[in-house]
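Chains, contacts and geometry: an overview
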Amino acid sequence: MTGSTLVGALVVGLAVGGAGRLAVPGRKAAPVWLTLALGVAAALLGAIVVGLVDRRPDASALLPLVVQAGFAAIAVIVAVLAAGPTADGRAHPGPSAPRKEEV
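Cut-off values and rules
Residues numbered from 1 in each chain as written. Predicted model: local features only at pLDDT ≥ 70, side-chain atom pairs only at ≥ 80, totals over all residues. Heavy atoms only, no water. Axes fitted to C-alpha atoms, helices over the stretch in contact; angles between N-to-C directions. Helix = DSSP H or I, 4+ residues; strand = E, 2+ residues; numbered from the N terminus. Left-handed = near helix turned anticlockwise from the far one by under 90°. Contact = heavy atoms within 4.5 Å. Nonpolar A, V, L, I, M, F, W, Y, C, P; charged D, E, K, R; others polar. Parallel < 35°, antiparallel > 145°, perpendicular 65-115°, else oblique. Expected span 1.5 Å × (residues − 1). Buried < 20%, exposed > 50% of the residue type's maximum accessible area, 1.4 Å probe, protein only.

Geometry of a packed helix pair, given as the angle between the helix axes and the separation of the axes. It is at 9 Å that the axes of helix H1 (residues 3–23) and helix H3 (residues 62–82) come closest, and there the two elements cross at 35°. Seen from above, H1 lies across H3 with right-handed handedness. Touching Thr5, Gly8, Ala9, Val12, Val16, Gly17 and Gly20 of H1 are Leu65, Gln68, Ala69, Ala72, Ala73 and Val76, all from H3. A breakdown of the residues in the contact of H1 with H3 according to their chemical character gives eight nonpolar, five polar and no charged.

In structure tokens, the structure reads:
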């Protein structure tokens, strides 16, 4: 994996992480840093997968970028939707949040 691949994964991950926040409407429970970090991590994973699968020396740079963007988009969308608001519009309470007792 070359330095340009790592820089490309970083740029793609940050771009997709930021765009993922804007693409899903409504208030999100996932913080911005989490979507950016997931975008970068998934883009790096995409770069690793392409590096393992595509061993051609004359390969274009388009395939790694597309795979990185795809991995990052899937990771960010799943994270934002999983941490999204409940049906009443409020964010999900954490596991340590106090629960109401039913009477």
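At a minimum axis separation of 7 Å, H1 and helix H2 (residues 32–53) run at an interaxial angle of 140°. Classified by the interaxial angle, the pair formed by H1 and H2 is oblique. The way H1 lies across H2 gives a crossing that is right-handed. The residues of H2 that touch H1, namely those facing Thr5, Leu6, Ala9, Leu10, Val12, Gly13, Leu14, Gly17, Gly18 and Arg21, are Val32, Thr35, Leu36, Gly39, Val40, Ala43, Leu44 and Ala47. The residue makeup of the contact of H1 with H2, split by class, is 11 nonpolar, six polar and one charged.

Looking now at the environment of glycine 39. By secondary structure assignment, the location of glycine 39 is in helix H2. Separated by 26 residues in the primary sequence, glycine 39 and glycine 13 place their C-alpha atoms 4.1 Å from one another. Apart from the residues lying within four places of it in its own chain, the contact partners of glycine 39 are Gly13, Ala72 and Val76.

Here the focus is H1. In a regular helix each residue adds 1.5 Å, so 21 residues correspond to 30 Å; H1 covers 30 Å between its end C-alpha atoms and thus fits that length. Looking at H1, one finds that the buried residues are Gly8, Ala9, Val12, Gly13, Val16, Gly17, Gly20 and Arg21. Of the surrounding secondary structure, the elements contacted by the buried residues of H1 are H2 and H3.

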